[in-house]
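A closer look at the structure
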Amino acid sequence: MTPRQIIGKIGLWLSVFVIVSPAILFFLWMLSLSLKFEIDNAAYPPVFFPEHIAWKNYADVLASNRFLTYFINSLIVTGSATALALMVGVPAGYGIARMAAHKSAIVILIARITPGLSYLIPLFLLFQWLGLLGTLVPQIIIHLVVTVPIVIWIMIGYFETTPLELEEAALIDGATRWQVFRHVALPIAKPGIAVAFILAVIFSWNNFVFGIVLAGRETRTLPVAVYNMISFDQLSWGPLAAAALIVTLPVLLLTVFAQRQIVAGLTAGAVKGG
């Protein structure tokens, strides 16, 4: 390795460290807050390593009467929105890829990058007219605004990279287009479906805006529940940080274990399919 390559590699790692270090520091500070008593959280200068660990912060959050309810709500909303998005998005991605419908792919890209708030007000009025506000149904439906474009965009990229020869052979043997999709294209695209599933879960689980507007007292999801721990009377940083870490843990673990698939899916969806 030449000195120039060594310097380039060092520069690359320094750049990565500078970019990533704020996120790492933020996460470590949240972890420190969640393990400290309030007297340490309010101390000046700040205390990073507490002398006594406040495990009660996590115990108080888990013992909350509504925490399990909010967790189940998040599972229902995220699971339903992801399943429906896969049912709609995988066939749609296949159709767009095989028909080379580039204009449709551009529309999907626009839907993917459009802020969810753009859809919130008209859908809020619709759900209010239907009398569905305060239930889980509007949250599941509106989460499709986030999950469906992601699934379609990723699947377009994956289906464009799969070989056409196998599908053409199946058509020659007398298979219908639906049979080709089900028995040939779908098994080949399983890695792409896994990536779409992971990203749909992450984006749906972390969604905050839709839940705070459409949810009722008994139908809040975990991100909204964490926000509701903030009050004007008292702000307990320890339980708040503990709750935030508990909410983040599922998607954090999913991201860590599936980071290669996520990068591959984002790359395929970014450079193909449109």
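Residue positions within a chain follow its written sequence, with the count starting from 1. Thresholds applied to this predicted model are a pLDDT of at least 70 for local features of residues and 80 or more for the giving and counting of side-chain atom pairs; totals over whole chains, interfaces and linings are not thresholded and use all residues. Side-chain numbers here rest on the full set of heavy atoms in the structure, without hydrogens or water.

As for the overall build of the protein chain
Defined as follows: Runs of E in the DSSP output that reach at least two residues are strands. Runs of H or I that reach at least four are helices, and both are numbered from the N terminus. Relative accessibility under 20% of the residue-type maximum defines a buried residue, over 50% an exposed one, and the middle range a partly exposed one, all with a 1.4 Å probe and only protein chains included. The contact criterion used throughout is that any non-hydrogen atoms of two residues lie within 4.5 Å. The charge count treats Lys and Arg as positive and Asp and Glu as negative. His and the chain ends do not count. Charge positions come from single atoms, namely NZ of Lys, CZ of Arg, CG of Asp or CD of Glu.
On a plain count of helices and strands, the protein chain comes out with 14 helices and zero strands. Its helices and strands taken in sequence order, the protein chain reads α-α-α-α-α-α-α-α-α-α-α-α-α-α from the N to the C terminus. By principal-axis analysis of the C-alpha atoms, the protein chain measures approximately 75 × 70 × 30 Å. Buried positions account for 37% of the 274 residues belonging to the protein chain. Taking all contacts inside the protein chain whose residues are at least 6 apart in sequence as the whole, residues at least 24 apart take part in 75%. Across the protein chain, the 15 positively charged side chains and the 11 negatively charged ones have centroids separated by 6 Å.

Thoughts on the side chain of N73
Mapped onto the secondary structure, N73 falls in helix α4 (residues 67-99). Exposure remark for N73: the relative accessible area of 7% places this residue in the buried category. If we ignore the near neighbours within four places in the chain, the residues touching N73 are L136, E218, T219, R220 and T221.

Here we look at the packing of α4 against helix α9 (residues 177-188)
Condition: What counts as an axis is a line fitted to C-alpha atoms, over the stretch in contact for a helix, and the angles between N-to-C directions run from 0 to 180 degrees. Between 65 and 115 degrees an angle is taken as roughly perpendicular, under 35 as roughly parallel, over 145 as roughly antiparallel, and anywhere else as oblique.
Look at α4 against α9: their axes get within 12 Å of each other, and the N-to-C directions meet at 105°. As judged from the angle between their axes, α4 and α9 are roughly perpendicular. Contact with α4, carried on its side by V90, P91 and Y94, involves R177, V180, F181, A185 and L186 of α9 and no other residues of that element.

Considerations on the packing of α9 against helix α10 (residues 190-205)
Operational definition: For this classification, the nonpolar set comprises Ala, Val, Leu, Ile, Met, Phe, Trp, Tyr, Cys and Pro, the charged set comprises Asp, Glu, Lys and Arg, and every other residue, Gly included, is treated as polar.
The contact between α9 and α10 brings their axes to 4 Å, and the two run at 65°. The angle between α9 and α10 falls in the class roughly perpendicular. Mapping the contact onto sequence places L186, P187 and I188 in α9 and K190, P191 and I193 in α10. Its residues assigned to classes, the contact of α9 with α10 shows five nonpolar, no polar and one charged.

Details of the nonpolar core
Put simply, the test is: Put simply, a nonpolar core is a bunch of buried Ala, Val, Leu, Ile, Met, Phe, Trp, Tyr and Cys residues held in one set by side-chain atoms that sit within 4.5 Å of each other.
Core analysis: the biggest nonpolar cluster contains 29 residues, and V90, V151, I154, M155 and F159 have the highest contact counts within it. For this core, the secondary structure elements donating two or more residues are α4, α5 (102-113), α7 (136-161), α9 and α10. Discounting residues that sit within four places of it in the chain, F159 has contacts with V90, G93, Y94, A97, R98, F181, A185 and A189. Listed in part, the 23 residues of the second largest apolar core include I202, L222, L240 and L245.

Examining α4
The cut-off we apply is this: Here the expected span of a helix is defined as 1.5 Å times the quantity of residues minus one. Bend at a given residue is defined as the angle between two axes, one fitted to the seven residues that end at that position and one fitted to the seven that begin there.
With 33 residues, α4 should reach 48 Å at 1.5 Å per residue; the first-to-last C-alpha distance of 47 Å fits that figure. Remark: the principal bend of α4, roughly 25°, maps to L86. With its phi angle positive at about 55°, A100 sits one or two positions after the end of α4.

Notes on the pattern of salt bridges
Our working rule: We count a salt bridge whenever a side-chain nitrogen from Lys or Arg sits within 4 Å of a carboxyl oxygen from Asp or Glu.
Summed over all chains, the structure comprises two salt bridges. Among the ionic pairs, E167 bridges to R98, the shortest N-O distance being 2.8 Å. Within this pair, whereas E167 is found in helix α8 (residues 165-172), its partner R98 is found in helix α4, the two being separated by 69 residues in sequence. Judged by relative accessible area, which is 4%, E167 ranks as buried.

Remarks on the UniProt feature "transmembrane region" (unreviewed entry) in the protein chain
Applied cut-off: UniProt positions are given in the numbering used here, feature names are shortened, and annotations may be inferred rather than shown by experiment.
Look at the UniProt record and you will see "transmembrane region" (unreviewed entry) annotated at residues 12-31, 70-94, 106-130, 136-159, 192-215 and 235-257. Helix makes up 100% of residues 70-94 and strand 0%, with an end-to-end C-alpha separation of 35 Å. Secondary structure content for residues 106-130 is 88% helix and 0% strand, while the C-alpha to C-alpha distance between its ends is 32 Å.

Considering the side chain of N57
Counted only if it meets this: Contacts described as polar in this section are N or O atom pairs within 3.5 Å, which, within protein, must combine one atom able to donate a hydrogen with one able to accept it, while residues neighboring in sequence count only if both atoms come from side chains.
If you trace the backbone, N57 turns up in helix α3 (residues 56-62). Within polar-contact distance, the side chain of N57 engages the backbone oxygen of K36 at 3.0 Å. Beyond its immediate sequence surroundings of up to four residues, N57 is in contact with L33, S34, L35, K36, G238, P239 and A242.

Focus on the packing of aromatic side chains
Any aromatic ring pair is given by two values, namely how distant the centres are and how the planes are angled relative to each other. Cut-off, in case you're wondering: What counts as a ring pair is set by centres within 6.5 Å for rings of Phe, Tyr and Trp (its six-membered ring), and what kind of pair is set by the plane angle: stacked under 30 degrees, edge-to-face over 60, tilted for all other angles.
Tallied over the entire structure, the rule returns seven aromatic pairs. A ring pair is formed by W29 and F48, whose centres lie 5.7 Å apart and whose planes are at 25°; its orientation type is stacked. Within this pair, whereas W29 is found in helix α1 (residues 3-34), its partner F48 is found in the loop between α2 (38-41) and α3, the two being separated by 19 residues in sequence. With relative accessibility at 29%, the residue F48 sits in the partly exposed group. Measuring from ring centre to ring centre gives 6.0 Å for F71 and W205, while their planes differ by 75°; the resulting arrangement is edge-to-face. Pair noted here: F71 is in helix α4 and W205 is in helix α10, with a separation of 134 residues, a long-range link. Its relative accessible area of 29% is what places F71 among the partly exposed residues. Assessed through its relative accessible area of 6%, W205 is described here as buried. Taken together, the ring pairs in this structure connect Y94, F159, W178 and F181 into an aromatic cluster.

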